[in-house]
Amino acid sequence: MPVQELAQAPDDLAALDLTDPQTFLDTDPRDLWRRFRTESPVHWHPARGRTPGFWVVSKYADAVDVYRDNKRFTSEQGTVLATLLQGGDSAAGKMLAVTDGKRHREIRNLMLKSFSPRVLEPVVAGVHRHTRELLAQVVESGEADFVSEVVDHIPIHTMGELLDIPVADRAQLVAWNTMTLSRHSGEDSEFESLMARNEILLYMAQLMAERRRSPGDDVLSVLAAATIDGERLTEDEIVLNCYSLILGGDESTRMSLTGGLIALAENPEEWRRLKAGEVTSDSATEEILRWTTPAMHFGRRALADVPLRDRVIRAGDAVTLWNTSANFDEEVFADPYRFDVGRSPNKHVVFGHGPHFCLGAFLGRVHVNAMVEAVRDTVADITLRGPATRLHSNFIHGYSGLPVALRAERTGPADEEIR
Ligand code: HEM
């Protein structure tokens, strides 16, 4: 939906319910976050009914400070509104995203070995090839739902190959991922989301048991065989971290791919600059990541009293950091609401910051870059054929449907001759 059709934020910011996914569907995000940044950059979101209150941090500099400070702000009591407000995450101390301190460093160093640019080098060409193949099918048929026919097949394919997940099971995992992190509509229930999470965990547990019996060279087998100070990881640690790779690796990346195509379609001058080679695909990739910011927020719980601007965050308070605002902070980004494929510098926090900085940032970038280059080289025009369907979530910003028409780029002089 174009931004101008959305409601402005209410006069009293305290009237906004940021726990309600509907707020993000109804309210103009530009107006909403500009208001928070200027009027109440460190804002106390009041409790509502049984939902406790929490801090809303909307400025870039403050978000970076909190992300960096994992001594005074812990991840172990949840990192998204859903878990933070319910008082914790059952994976704490085992899954990277919700583990701090020594164990976090140990598991992270282990997992980084499988996700460094050098190790992933052979995967990059595969992502580019696969993206071009899927796009070529749409270009050939002319029209498609970009989400279900292209995007839904890309990151899961990569993660599936890395973890050696049978091809036949991958579509089901994508469906469970969406159900776990966001909803297709307001009618899907919290219970369904919990069930989907359990299905992924169960699936991973079965796969881990198989890999322990007959290991391969995939990431799951590597984790299952790995030792830290001579001790193997526990089964929970292996299963939960593979679960987090599937979830983290798939959902956000898909959202950037879809949002990126929309941005290129809606900004013809930027599309022209990209096609004309006036900007690099790397620079367009960074701007698409900033523009789409799929993980709207992450959060922490304060372990000490911490002054932030004119407020004091008290020990025990939940703090949410809104990447979706920080990445449009006018103190850091010139003309932030301009989609500028040549933007430089572009130090967004789409992958977070500090000790929990996204483990899959390189891979996320590779996927967006592959789409940028494939679209640039093989598509002449992108036409949006109807409104994109927004996901229902207070955490993930993105789309579950996008009807598009893609017209093929002429391939070269041979075409001229045929005509
Ligand atoms: C952490 C975003 C792709 C796996 C994070 C964090 C953010 C993020 C903001 C920090 C969370 C925090 O500080 O609490 C994204 C976005 C992606 C993406 C926007 C795509 C555009 C991926 C991929 C993978 C992945 C491809 C898998 C390979 C992880 C993991 C963590 C993480 C395991 C936890 C790291 C830690 O706690 O040390 N991601 N991510 N992400 N991400 Fe990603």
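Calculation notes
Residues numbered from 1 in each chain as written. Predicted model: local features only at pLDDT ≥ 70, side-chain atom pairs only at ≥ 80, totals over all residues. Heavy atoms only, no water. Near = heavy atom within 4 Å. Polar contact = N/O pair within 3.5 Å; in protein donor to acceptor, adjacent residues only side chain to side chain. Helix = DSSP H or I, 4+ residues; strand = E, 2+ residues; numbered from the N terminus. Nonpolar A, V, L, I, M, F, W, Y, C, P; charged D, E, K, R; others polar. pLDDT = per-residue confidence, 0-100. Buried < 20%, exposed > 50% of the residue type's maximum accessible area, 1.4 Å probe, protein only. Contact = heavy atoms within 4.5 Å. Phe/Tyr/Trp six-rings, centres within 6.5 Å; stacked < 30°, edge-to-face > 60°. Lys NZ or Arg CZ within 6 Å of the ring centre and 35° of its normal. Pairing = 2+ DSSP bridges. Expected span 1.5 Å × (residues − 1). Axes fitted to C-alpha atoms, helices over the stretch in contact; angles between N-to-C directions. Parallel < 35°, antiparallel > 145°, perpendicular 65-115°, else oblique. Left-handed = near helix turned anticlockwise from the far one by under 90°.

Colleague: I tried to follow the site of the ligand on my own but got confused; where do I start?
Modeller: Taken together, 26 residues sit near the ligand, with His104, Arg108, Arg300, His356 and Cys358 positioned nearest. The contact in question runs from an oxygen atom of the ligand to an N or O atom on the backbone of leucine 96, over 3.4 Å. Arginine 300 places a side-chain nitrogen or oxygen 2.7 Å from an oxygen atom of the ligand. For the shell around the ligand, the elements supplying multiple residues, two or more each, are helix H5 (101-115), helix H12 (235-266) and strand S7 (297-302). For the shell around the ligand, the leading source of residues is H12, giving seven residues. Its residues placed into classes, the shell around the ligand shows 14 nonpolar, ten polar and two charged.

Colleague: Would you take a moment to explain the confidence of the model for the protein chain for this structure?
Modeller: Of all residues in the protein chain, 96% have pLDDT values of 70 or greater, and the mean over the chain is 94. Taken over the whole predicted complex, pTM reads 0.95, whereas the ipTM for its chain interfaces reads 0.99.

Colleague: Could you clarify how one ought to interpret the side chain of serine 58 in this entry?
Modeller: Within the secondary structure, serine 58 is located in the loop between strand S2 (54-57) and helix H3 (60-68). Serine 58 gets classed as buried once you look at its relative accessible area, which sits at 0%. Once residues lying within four places of it in the same chain are set aside, the contact partners of serine 58 are Trp33, Phe36, Arg37, Ser40, Pro41, Ser325 and Ala326.

Colleague: Even after reading the chapter, I still don't get the packing of aromatic side chains, so can you show me in this structure?
Modeller: The description of an aromatic ring pair uses the distance of the two centres, along with the angle that the planes make with each other. Per the stated rule, a full pass over the model turns up ten aromatic pairs. Summarising the aromatic geometry, the rings of tryptophan 44 and tryptophan 55 are spaced 5.1 Å apart at their centres and angled 70° between planes, so their arrangement reads as edge-to-face. One end of the pair, tryptophan 44, is in strand S1 (residues 42-45); the other, tryptophan 55, is in strand S2, with eleven residues separating them in the sequence. Since its relative accessible area comes to 33%, tryptophan 44 is described here as partly exposed. Judged by centre distance (5.4 Å) and plane angle (55°), the rings of tryptophan 291 and phenylalanine 339 are tilted. On the criterion of sequence distance, the pair formed by tryptophan 291 in helix H14 (residues 281-292) and phenylalanine 339 in the loop between helix H15 (323-326) and helix H16 (361-378) is long-range, its members being 48 residues apart. Over the aromatic face of phenylalanine 333 sits the side chain of arginine 290, whose NZ or CZ is 5.3 Å from the ring centroid.

Colleague: Mind showing me how you'd approach the pairing of strand S14 (residues 403-408) here?
Modeller: Put simply, side chains in a regular strand alternate between the two faces of the sheet. Pairing of strand S4 (residues 143-145) with S14 involves three bridges; the strand directions are antiparallel. Paired with alanine 144 across the strands is valine 404, a residue of S14. Here strand S11 (residues 379-384) pairs with S14 via five bridges, running antiparallel. The residue of S14 that forms the bridge with leucine 384 is valine 404.

Colleague: Sorry, what's going on with helix H9 (residues 170-181) here?
Modeller: Residue pairs three or four apart in sequence face the same way in an α-helix, which turns once every 3.6 residues. Between its terminal C-alpha atoms H9 stretches 17 Å, which fits the 16 Å expected from twelve residues at 1.5 Å a residue. Arg170, Leu173, Val174, Trp176, Asn177, Thr178, Met179 and Thr180 are the residues of H9 that are buried. Elements in contact with the buried residues of H9: helix H8 (155-163), helix H10 (190-213) and H12.

Colleague: Even after reading the chapter, I still don't get the packing of H10 against H12, so can you show me in this structure?
Modeller: When two helices pack together, you describe them by how their axes are tilted relative to each other and by the distance separating the axes. Their axes nearest at 9 Å, the elements H10 and H12 cross at an angle of 120°. Here H10 lies oblique to H12, going by the angle between them. The handedness of the crossing between H10 and H12 is right-handed. On the side of H10, the interface is formed by Arg197, Ile200, Leu201, Met204, Ala205, Met208 and Arg212, while H12 contributes Glu235, Ile238, Val239, Leu240, Cys242, Tyr243, Ile246 and Leu247. When the residues that make up the contact of H10 with H12 are grouped by side-chain class, the tally is twelve nonpolar, no polar and three charged.

Colleague: Would you take a moment to explain H8 for this structure?
Modeller: Judged by how many residues are buried, H8 sits mostly within the fold: seven of nine residues are covered. Residue aspartate 164 follows H8 closely and has a positive phi angle near 55°.

Colleague: Got a minute to help me understand the environment of proline 268 in this structure?
Modeller: Here proline 268 lies in helix H13 (residues 268-275). Along the sequence, proline 268 and proline 122 sit 146 residues apart, while their C-alpha atoms lie 34 Å from each other.

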